[in-house]
There are 2 protein chains.
Amino acid sequence: MKVTLKQVAQAAGVHYSTVASILNNARGNSRFSEQTLHRVKSVAQQLGYVANLDAQRLKTNRTMTIGFAAGDIRNPFFAELSIALEAKLLTLGYELLLASHAQSNPVEDAQRIQKLVGRSVDAMIVWTEEQDTITPQQIQQQRGKVVWLGWCEGGCYQVHLDVQAGLKQVAQHLVSEGHQSVGFYGPQSFAHPTPTRRQVLFEMIAKHHQLHPISLLHTGQSWDIQTATRCGKQAWQAVKQNGLTAVVAYNDVAAMGLLLSRPAKSKSIPVIGFDGTPLLKSWQPAITYVSFSIDQMVDAVTELALHAAQNKRPPRKQYLHQIEPLLVV
Amino acid sequence: MKVTLKQVAQAAGVHYSTVASILNNARGNSRFSEQTLHRVKSVAQQLGYVANLDAQRLKTNRTMTIGFAAGDIRNPFFAELSIALEAKLLTLGYELLLASHAQSNPVEDAQRIQKLVGRSVDAMIVWTEEQDTITPQQIQQQRGKVVWLGWCEGGCYQVHLDVQAGLKQVAQHLVSEGHQSVGFYGPQSFAHPTPTRRQVLFEMIAKHHQLHPISLLHTGQSWDIQTATRCGKQAWQAVKQNGLTAVVAYNDVAAMGLLLSRPAKSKSIPVIGFDGTPLLKSWQPAITYVSFSIDQMVDAVTELALHAAQNKRPPRKQYLHQIEPLLVV
DNA sequence: TTGAAAGCGCTAACAG
DNA sequence: CTGTTAGCGCTTTCAA
């Protein structure tokens, strides 16, 4: 059974509030005699006392935990991001509670988000890009405690990935290389038939640069490498039929699917990656991709999350970070 | 601020324990008048009442949460496993608390594990394979509440991945294909200079099959595809120098590193994958790999975890599941 | 330097 | 059908 303060107190022959101060309170260490201090600590050690987090939180209403409603961690981008974020928060004395939400099943998604909302976290970071993945209503309750990451139209804390700028750089690069018609390869949006935001942006930007964009879609989710690869064959046929000379991927997963399914005769047609996840960075032969710095994202998001966590009242001011993309050629 | 039972009660003009029964207790719904039921519910809705989990847990000592101390989720194997496990537990009314432990930093690792130990979970699932990644002492306290996954020498709940059988199948397959000297490519163990368990097993098994195994190591962690790729070049040189005709990978990450760094002139030398993660399954041209069924693992581990969660006393009996590998050629 | 006591929000047994 | 009550384990203020 769990060892409680009282048991330690009894064994050490002091009042349990004394034990509490000594073990779980920073300034307790200077208030007691050397002897008591030592006896209590060693007894606690022996008995294997571990503070009951639930009780602590109930009492203090602080959790030292930041929730992260991330995209599916099977997408390496989110795996990277989560780990980096967790590491950063850990150095600041905070824990990360991860609610990776597969975008495959709205019911499960809702449950996962609810997990963060219902649980007390000092602040939560929520990934959004598409309109439909997360309903802001679920999160309304957490007024001022939400940091939006990715793309969002409301909320006082936002870290915005400038996807548009990334796609623009890609378009310019393609134009400068003499391409005239290019493909876009990515997942269908969950809320079919609405196309994904990246797709819409790319079509718009490409047209603006006199490229003739043609969108090719796979039927899997954005993390689903197997479907991305399977559907790749058809995509390559379409590439050929339409005389496309390059393909821009929705993300690195789509890019890898395309790379794996690329027929030998299409080897000369470049695939442009999007995210800069480690595997794609290591790809041989090296490919061109848009990269967002994980470190920048983590720093920005951490700053805002801690601000949100530490300020009781939602701020008037809007805090907005912009993460700029880098085109790696 | 948070809305509590008392506030709802006051607004609805009933005692707060009535509200509690109605909202948070399954059998409350039949005990009260239609009118009260309805009024309380709608008031709660309006006020946005959400039960305080910390208080519930403190009181009931049940959390409906299973902890999972997994390996690093940047390794796609663990990303897959975590997601599958979470989905399964969700259908059973349980939540998964993920503590992905990077094997890169013993201090962080300890903190992550502590996160599960300190937090009250009804049971925890702990991945282990190497001796040194997790200190069983940290977990001793949770007697009878721990399901060991991977490989472990103690504990009453165990799900054992038969790595040995997998490597044996690989060895037999290689022998049948006429290979005589083969390489093994994987990470150095964290606790250098102890080699990893898979390496030791492979060397043993290969020798037993009259293969001449040579181990080539990369300096990264088991999830680190970039290092695996970077060190791949040297590995391939060693392959050439030693006249090896095939290489067995520690895991899929190592395999992919090797595949990406494989020089054109070595294209005929097969790389054997180990785990069967989606990307490797999709690889073109297809490669041979050992696969462990995620579903089997999830089912086994879930069964044991729920048993552990629901039985107060640690069982006398030992519960042991064996997960058999499948060689996919 | 240490102890006493109130109470965080909730559950569950019991009383009315 | 509904209210009362005792506490879960802890923090924190105040008193001794």
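All figures in this text were calculated on a predicted structure; none of them were measured in a lab.

Undergrad: Quick rundown of the overall build of chain A? Include the residues and the values.
TA: Along chain A, the regular secondary structure elements total 14 helices and 12 strands. Structurally, chain A occupies a C-alpha span of about 85 × 40 × 35 Å along its principal axes. Counting every position in chain A, which comprises 329 residues, the buried fraction comes to 58%. The long-range fraction of contacts in chain A, counting pairs at least 24 apart against all pairs at least 6 apart in sequence, stands at 67%. Total accessible area computed for chain A in this model is approximately 14,600 Å², and 51% of it derives from carbon and sulfur atoms. In chain A, 31 side chains carry a positive charge and 23 a negative one; their mean positions are 7 Å apart.

Undergrad: Please set out the protein's contact with DNA strand C residue by residue, giving values where relevant.
TA: By nearness alone, 26 residues border DNA strand C, and T36 and K59 of chain A together with L5, Y49 and Q56 of chain B come closest of all. Take H15 of chain A: an N or O atom from its main chain is 2.9 Å from a phosphate oxygen of DNA strand C. Within the backbone of N52 of chain B, one N or O atom sits 3.2 Å away from a phosphate oxygen of DNA strand C. When contributions to the surface near DNA strand C are tallied by element, the ones reaching two or more residues are α2 (16-24) and α4 (53-60) of chain A together with α2 (16-24) and α4 (53-60) of chain B.

Undergrad: Before we move on, can you summarise the interface of chain B and chain A with the specific residues and values?
TA: Across the boundary between the two partners, chain B contributes 47 residues, which contact 47 residues of chain A. Both sides of the chain B and chain A interface together cover about 4,400 Å² of buried area, and 57% of this is carbon and sulfur. Of all residues in chain B, the largest losses of buried area upon contact with chain A belong to D54, I83 and L260 of chain B, amounting jointly to 14% of the total for that side. Across the chain B-chain A interface, the total number found is two salt bridges. We note a salt bridge from D54 of chain B to R57 of chain A, for which the minimum N-O separation is 3.4 Å. Linking chain B to chain A there are four residue pairs in polar contact (both at pLDDT 80 or more). Looking at the side of chain B that touches chain A element by element, the count peaks at seven residues for helix α5 (residues 76-91) of chain B. Of the residues in the side of chain B that touches chain A, the class split is 20 nonpolar, 14 polar and 13 charged.

Undergrad: Tell me about helix α8 (residues 163-176) of chain A, residues and numbers included.
TA: All names here are of chain A. Taking 1.5 Å per residue as the helical rise, α8 with its 14 residues ought to reach 20 Å, and the 20 Å between its terminal C-alpha atoms agrees with that figure. Within α8, the full set of buried residues consists of V163, A165, G166, L167, V170, A171, H173 and L174. In the stretch just after α8, G178 is the one whose phi turns positive, near 90°.

Undergrad: Before we move on, could you go through the domain arrangement of chain A and cite the residues and values that matter?
TA: Each domain of chain A was delimited in the assignment, giving domain 1 (5-59), domain 2 (61-161 + 294-323) and domain 3 (163-291). Each of domain 1 of chain A and domain 3 of chain A has a C-alpha centre, and the two are 59 Å apart.

What counts, and where the lines are drawn
- Residues numbered from 1 in each chain as written.
- Chains lettered and ligands numbered in written order.
- Predicted model: local features only at pLDDT ≥ 70, side-chain atom pairs only at ≥ 80, totals over all residues.
- Heavy atoms only, no water.
- Helix = DSSP H or I, 4+ residues; strand = E, 2+ residues; numbered from the N terminus.
- Buried < 20%, exposed > 50% of the residue type's maximum accessible area, 1.4 Å probe, protein only.
- Contact = heavy atoms within 4.5 Å.
- Areas by Shrake-Rupley, 256 points an atom, 1.4 Å probe, with all protein chains shown as cover.
- Lys, Arg positive; Asp, Glu negative; His and termini not counted.
- Charge placed at Lys NZ, Arg CZ, Asp CG, Glu CD.
- Near = heavy atom within 4 Å.
- Polar contact = N/O pair within 3.5 Å; in protein donor to acceptor, adjacent residues only side chain to side chain.
- Buried area = accessible area lost by both parts, 1.4 Å probe.
- Salt bridge = Lys/Arg side-chain N within 4 Å of Asp/Glu carboxyl O.
- Nonpolar A, V, L, I, M, F, W, Y, C, P; charged D, E, K, R; others polar.
- Expected span 1.5 Å × (residues − 1).
- Domains from an automatic or database assignment.

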